[in-house]
Amino acid sequence: MRRIHVGNALSAFGLGFTVPYLYVYVAQVRGLGAMTAGLVLAVFAVAALLVLPFAGRAIVRRGPLPVLLAALVSAALGALGLGLAGSAWSVLLAAAVLGAGQAVMQPALATMIVDCSSADTRSRAFATQFFLQNLGLGIGGLIGGHLVDTTRVSSFTLLFAIEAAMFLLLVAVMATVRMPHSPRLEGAPASAKGSWKRLLGNRAMVQLCVLGFVLFFACYGQFESGLSAYGVEAAGISTSTLGTALAANTLMIVVAQFAVLKFVERARRTRVIALVGLVWAVAWLTAGYAGLGHGSQEMATAAFVSTYALFGLGEAMLSPTVAPLVADLAPEGLAGQYNSAFALVKQLALAVGPAVGGPLGASLHAPYIVTFLLFSLGITYLALRLGRRLTAVQDQPWAARGSRVVSRGGAPAESVPAEA
């Protein structure tokens, strides 16, 4: 588990080196224009959507470790290719390879965490993963910002080379991991179509995927698109203040992650998610004041930064809640399939979110706030509705610690035959 967490931190550190500067690198440093830079960002999403439906099946059949190692090698080649690419087609090809590798890493690492944890330790394991990811992204972005020079292509080549080296270092670290034996599911579907049909038959998982789409659409899908556009256009926020707001988000996660963990571990998971919806509703109201409250610029700036901090508080509550719930809804042997399905939902939300929120936040300020305020309240409603479909063990696993049996993949209406 320690090596898996080191791997999460290294991959996040490498991504933090390049992600904030990708647009500038393609559009200005390589001189390929804004359209090519926009296509590069779109290619990341498209590559993820193409590979994730197959990633889950590969994890189930081959195990998460071999899939992770293949994804890391792909990401390293893509990162190195981006650093050396000089034409539009080579940049797009490298971005596709890097995007595919990054997308597959997420469910593979999540499945490894599931296999190396128990119901008692899973929430803390995923909280640690999220904490290290944000810390790695923040440190990587900070160091990368001091290395880049928009007048020198070589500085960006160095940046992407360091990212590739991080992925290859992670290959070396993860190759030493000896995973516990994962149970194989008897009667598992022989085809990918059968696996997806079985997953879609799990109504609790389908409801969780709908909830997950709303979560990622209403929060993560707005950070660098609709919300930032709204801040600049409606609240008069400067670009430096946008950086401060993002830093406040990361700082809140780092500070609050383990402070809220004890509360989250004791509470019902769906009620924690419902509370996140209310916290984010307050965040959108605060954003509304920043852009529509007609206060001083100082008050608007403080409100806007507070909005990102409130989002960070909600993220810290979600990280030990949603991912372990996905794992507990998965039947034995199908955690990889379920993790990949949820990662696919996340990618869809992250692709649709900016496309909807960007134009709305830039021009229709009041409708933008009202829309996402309603989405946040919808999170609360969907979470409470999901709670009625979960078993007591799935919704509140700590309450079953005294029991010798922990059911997985079931629903309240289903009966699971006892096995010897």
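This is a predicted model, so every value here is computed, not measured. (Residues numbered from 1 in each chain as written. Predicted model: local features only at pLDDT ≥ 70, side-chain atom pairs only at ≥ 80, totals over all residues. Heavy atoms only, no water.)

## Here's the deal with the pattern of salt bridges
Between side chains of opposite charge, a pair can form when the charged atoms approach closely. Considering all chains together, one arrives at three salt bridges under this definition. Of the charged contacts, one joins Arg 122 and Asp 328 as a salt bridge, the two residues approaching to 2.7 Å between their closest N and O atoms. Placement of Arg 122 in helix α6 (residues 122-147) and of Asp 328 in helix α15 (residues 322-329) is noted, with a sequence separation of 206 residues between them. Through salt bridges with shared partners, one network takes in Arg 122, Arg 269 and Asp 328. (Salt bridge = Lys/Arg side-chain N within 4 Å of Asp/Glu carboxyl O. Helix = DSSP H or I, 4+ residues; strand = E, 2+ residues; numbered from the N terminus.)

## Points about the confidence of the model for the protein chain
Looking at the protein chain, the pLDDT average stands at 82 and 90% of residues meet or exceed 70. Across the protein chain, element-level confidence peaks in helix α17 (residues 365-387) with a mean pLDDT of 93 and bottoms out in helix α8 (residues 192-200) with 69. When the criterion is pLDDT under 50, residues 183-190 qualifies, and its contacts beyond four places in sequence or with other chains add up to 16 contacts. Low pLDDT (under 50) marks residues 410-420, which in the prediction has ten contacts with non-local residues, meaning those over four places away or in another chain. (pLDDT = per-residue confidence, 0-100. Contact = heavy atoms within 4.5 Å.)

## Things to note about the environment of Gln 257
Mapped onto the elements, Gln 257 comes out in the loop between α11 (239-256) and α12 (261-266). Here the alpha-carbon distance between Gln 257 and Leu 200, two residues 57 residues apart in the chain, equals 32 Å. Beyond its immediate sequence surroundings of up to four residues, Gln 257 is in contact with Ala 127, Phe 130, Phe 131, Met 252, Ala 316, Ser 319 and Pro 320.

## Considering the side chain of Asp 395
If you trace the backbone, Asp 395 turns up in helix α18 (residues 392-395). In this structure the side chain of Asp 395 is engaged in a polar contact, spanning 2.9 Å, whose partner is the side chain of Thr 270. (Polar contact = N/O pair within 3.5 Å; in protein donor to acceptor, adjacent residues only side chain to side chain.)

## What to know about the environment of Ala 48
Within the secondary structure, Ala 48 sits in helix α3 (residues 33-62). Note: C-alpha distance between Ala 48 and Arg 62 (14 residues apart in sequence) is 20 Å. Excluding residues that lie within four positions of it along the chain, Ala 48 makes contacts with Ala 103 and Gln 347.

## Re the packing of aromatic side chains
A full pass over the atoms with the stated rule returns 16 aromatic pairs. Put simply, the rings of Phe 213, Phe 217, Tyr 230, Trp 280, Trp 284, Phe 311, Tyr 368, Phe 372 and Phe 375 touch in pairs and so form one group of aromatic residues. (Phe/Tyr/Trp six-rings, centres within 6.5 Å; stacked < 30°, edge-to-face > 60°.)

## Digging into helix α7 (residues 153-174)
Relative to the 32 Å expected for 22 residues at 1.5 Å per residue, α7 spans 32 Å between its end C-alpha atoms, a close match to the ideal helical length. If you check which residues of α7 are buried, you get Ser 155, Phe 156, Leu 159, Phe 160, Glu 163, Ala 164, Met 166, Phe 167, Leu 170, Val 171 and Met 174. (Expected span 1.5 Å × (residues − 1). Buried < 20%, exposed > 50% of the residue type's maximum accessible area, 1.4 Å probe, protein only.)

## Description of the state of the cysteines
Enumeration over the complete set of coordinates arrives at zero disulfides. Not part of a disulfide, Cys 209 finds its nearest cysteine sulfur in Cys 219, a span of 18 Å. On the basis of relative accessible area, Cys 219 is assigned to the buried category, the value being 0%. (Disulfide = S-S within 2.5 Å.)

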